[in-house]
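Coordinate inspection notes
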Amino acid sequence: MSYTALYRKYRPQQFEDVKGQEHIVTTLKNQIEAGRIGHAYLFCGTRGTGKTTVAKIFAKAVNCESPVNGSPCGQCPVCRGISAGNSLNVVEIDAASNNGVDNIREIREEVSYAPTEGKYKVYIIDEVHMLSIGAFNALLKTLEEPPSYVIFILATTEAYKIPVTILSRCQRYDFHRISTDIISLRLQELVKREQGEAEEMALRYIAKSADGAMRDALSLLDQCMAFYMGQKLTYEHVLDVLGAVDTQRFSSLFRAVIKNDVAGAMVQIESLVGEGRDLGQFVNDFIWYLRNLLLLQSSDDMEKTLDISSENLALLKEESNMADGMQLMRYIRVFSELSNQVKYSSQKRILIEIAVIKLCRPAMEEDYASLSNRILQLEKQMENGIPAKAALNESDQAVTQQSQDAQKPGMEKPKLLKAVPSDIKQVVQNWQGITANMPGMIRTYIRKANLSIGADDQLLIVLEDDIGGEMLSRKEQRQEIETLISSAIGKEVRVQIEVNKTKQPFEAAYVDLEKMIHMDIEYEDF
């Protein structure tokens, strides 16, 4: 006899066997007992939460010859026929592959015939959101006024794609994600039935990896038990089969990042790659690890919220005090951005290494969180007795040196202006709004530019990037910038594009119009 997968072998056959959806099961059983059965139901929820399973049990229950408390007996010919898939009264339709108008017209023709056995004809339409607009329109009339012996059960993972006209004619039931505790208990029960052994920690990790889907959990358990046939399933076994990473590895990587130990962090990544771990899953799991650290740091009452062992909880508490909230939120942001990039990249390792280097070297980024991180690093180094100047990394020293060079005698300083032309002043005051309406590539480069005054009182746009300067200096792009500026302020403005070649900061080599105009506005308001 061929092998049957666990999720098929142990699919619930009665309402009492359904786990984690008591709010739906109770309602349906009460309807059946009271004889208040609707003609159209909509089952919504993520994959593997029991939508199709409950639909089949409901179809058996309404047709069962001797139901028990609203649940099918499972013994009568009708129940056995539906369970075996031989009943003509229960029709399952996959809307993903039968989504045309003709498929729905066939249903409309069939519903005119009464059931051959039992009381009701039940149509279960899975992934109903995949129906075309024409198919939905064809279904609408039948769904609104079906014969008394017809029940429609529509199942979907994306309810927002279903037309309102269909939704308003259905009783809607939302299937919740099943909790890790419930999935874990179910897995323990099934392992015993299969006469196997498994560590509780291993089953909890499988339950957590299933992300609320019982079917996914059973498939993962099936996979792990097949790999270690006849052996006790351990936590390490599960990690090996799923390509996952142990919490201890996250701890080692986090401690290396906190110490700004790039070499140590690279050793951890090299180890992950060498062991063949799933790098995409590693990124997502590390985000959750950082999230747990942030929750522990944010409140003293988070211990019950975190689904981890007491050993790991003690380790997390220790590490949550090694970084402040701003640091952890920056780490989560960097790795969240990385998560989207890794999905479609063929160079996952390189992207992860770059992200880890960013965590260790905040100076590589210019946002507020990174600046705060750099200041925190300097404060810690100064607390340890390292002078502030020695604590600066190379990029910080370079900026400091440039600022000092700008003050040296003989260095050319920016010329002071007696007055700024009114049209230029108007451009600077509205610069953010003007750049927002510029085309994609121009907007990308020009937002990084600084504004100054050029020859003949022209607007001077200064860039630090040679590529951006070359691109914006082209005649077509420069004319497009002038046109957009002129249409915004109603005056014609000439523009010059220039790259800062002075080897000095912009403020030291040019007149900063944005700062000057801002100060002028504040003075006038005062």
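Structure first, text after, so check above.
In short, a report on the structure.

What counts as what
Residues numbered from 1 in each chain as written. Predicted model: local features only at pLDDT ≥ 70, side-chain atom pairs only at ≥ 80, totals over all residues. Heavy atoms only, no water. Salt bridge = Lys/Arg side-chain N within 4 Å of Asp/Glu carboxyl O. Buried < 20%, exposed > 50% of the residue type's maximum accessible area, 1.4 Å probe, protein only. Helix = DSSP H or I, 4+ residues; strand = E, 2+ residues; numbered from the N terminus. Axes fitted to C-alpha atoms, helices over the stretch in contact; angles between N-to-C directions. Parallel < 35°, antiparallel > 145°, perpendicular 65-115°, else oblique. Left-handed = near helix turned anticlockwise from the far one by under 90°. Contact = heavy atoms within 4.5 Å. Nonpolar A, V, L, I, M, F, W, Y, C, P; charged D, E, K, R; others polar. Pairing = 2+ DSSP bridges. Expected span 1.5 Å × (residues − 1). Right-handed = clockwise from strand over helix to strand, strands pointing away. Core = buried A, V, L, I, M, F, W, Y, C linked by side-chain atoms within 4.5 Å. Phe/Tyr/Trp six-rings, centres within 6.5 Å; stacked < 30°, edge-to-face > 60°.

1. Considerations on the pattern of salt bridges
One pass over the full model with this rule turns up 22 salt bridges. Here Asp174 ties to Arg172 by a salt bridge, and the two come within 3.2 Å at their closest N and O atoms. Overall, the relative accessible area of 46% leaves Arg172 in the partly exposed class. Among the ionic pairs, Arg255 bridges to Glu318, the shortest N-O distance being 3.4 Å. Of the two residues, Arg255 is situated in helix H12 (residues 247-258) and Glu318 in helix H15 (residues 310-320); the sequence distance between them amounts to 63 residues. Looking at Arg255, the relative accessible area reads 24%, which means it is partly exposed. One connected set of salt bridges, linked through shared partners, spans Asp240, Arg249, Glu275 and Arg277.

2. Some words on the packing of helix H14 (residues 279-298) against helix H16 (residues 325-343)
The geometry of H14 relative to H16 is characterised by a closest axis approach of 9 Å and an angle of 160 degrees between their N-to-C directions. It follows from the interaxial angle that H14 and H16 lie roughly antiparallel. Crossing hand, H14 versus H16: left-handed. Together, Gly280, Phe282, Val283, Asn284, Phe286, Ile287, Leu290, Arg291, Leu293, Leu294 and Gln297 of H14 and Gly325, Leu328, Met329, Tyr331, Ile332, Phe335, Ser336, Leu338, Ser339 and Val342 of H16 make up the contact between the two elements. Its residues assigned to classes, the contact of H14 with H16 comprises 14 nonpolar, six polar and one charged.

3. Examining the sheet that holds strand E7 (residues 459-463)
The strand order across the open sheet built from three strands is E6-E7-E8, with neighbouring strands paired in mixed fashion. Among the strands making up the open sheet, the edge pair consists of strand E6 (450-453) and strand E8 (495-499). The average angle at which neighbouring strand axes cross in this sheet is 30 degrees, direction not considered. Sheet topology places E6 next to E7; four bridges connect them, and they run antiparallel. The residue of E7 that forms the bridge with Ser452 is Leu460. Here helix H24 (residues 466-473) sits on the sheet in contact with E7 and E8, set at roughly 155 degrees to E8. Contacting E7 and E8, helix H25 (residues 475-489) crosses the sheet at an angle of about 130 degrees to E8.

4. Quick word on helix H6 (residues 133-144)
Across its twelve residues, H6 extends 16 Å between first and last C-alpha, which sits within 8% of the 16 Å expected from 1.5 Å per residue. Of all the residues in H6, the buried ones are Ala135, Phe136, Ala138, Leu139, Leu140, Thr142 and Leu143. Along its buried surface, H6 packs onto strand E1 (40-44), helix H5 (101-110), strand E4 (150-156) and helix H7 (164-167).

5. Side note on the pairing of strand E3 (residues 121-126)
Two faces, one strand: in a regular strand the side chains alternate between the faces of the sheet. Of all six residues in E3, five are buried; the element is thus mostly enclosed. Bridge analysis of strand E2 (residues 90-94) against E3 gives five bridges, and the strand direction is parallel. When the sheet's bridge partners are listed, Glu92 is paired in E3 with Ile124. This β-α-β element, E2 to H5 to E3, shows right-handed connectivity. Where E3 and E4 come together, five bridges link them in parallel fashion. Looking at E4, one finds that Ile124 is bridged to Ile153. Following the chain from E3 across H6 to the adjacent parallel E4, one finds a crossover that is right-handed.

6. A look at the environment of Ala96
Structurally, Ala96 can be placed in the loop between E2 and H5. Distance from Ala96 to Glu127, taken between C-alpha atoms, is 6.2 Å for residues 31 residues apart in sequence. Ignoring anything within four residues of it in the chain, the contact list for Ala96 reads Asp126, Glu127 and Met130.

7. Some remarks on the nonpolar core
Formed by 38 residues in total, the largest nonpolar core has its most connected members in Phe254, Phe282, Phe286, Phe335, Ile352 and Val356. If you list the elements that add at least two residues to this core, you get H12, helix H13 (262-274), H14, H15, H16 and helix H17 (348-360). When residues in this core are grouped by element, the largest group, ten residues, is from H14. Beyond its immediate stretch of four places on either side in the chain, Phe335 contacts Phe282, Val283, Phe286, Ile287, Ala355, Val356 and Leu359. If you look at the next biggest cluster of nonpolar residues, it comprises 29 residues, including Ile32, Cys73, Ile124 and Tyr173.

8. Points about the environment of Met441
Within the secondary structure layout, Met441 lies in helix H23 (residues 440-446). Its relative accessible area of 49% is what places Met441 among the partly exposed residues.

9. A closer look at the packing of aromatic side chains
Enumeration over the complete set of coordinates arrives at 15 aromatic pairs. For the pair Tyr205 and Tyr235, a centre-to-centre distance of 5.9 Å together with 80 degrees between the ring planes defines the contact as edge-to-face. One end of the pair, Tyr205, is in helix H9 (residues 200-209); the other, Tyr235, is in helix H11 (residues 235-242), and 30 residues separate them in sequence. Given a relative accessible area of 13%, Tyr205 falls into the buried group. On the accessibility criterion, Tyr235 (7% relative accessible area) is buried. Relative to Tyr331, the ring of Phe254 lies with its centre 6.5 Å away and its plane at 75 degrees, an arrangement referred to as edge-to-face. Here Phe254 is found in helix H12, whereas its partner Tyr331 is found in helix H16, with 77 residues between them in sequence. Given a relative accessible area of 0%, Phe254 falls into the buried group. By way of ring pairs, the aromatic residues Tyr41, Phe43, Phe58, Tyr173 and Phe175 are connected into one cluster.

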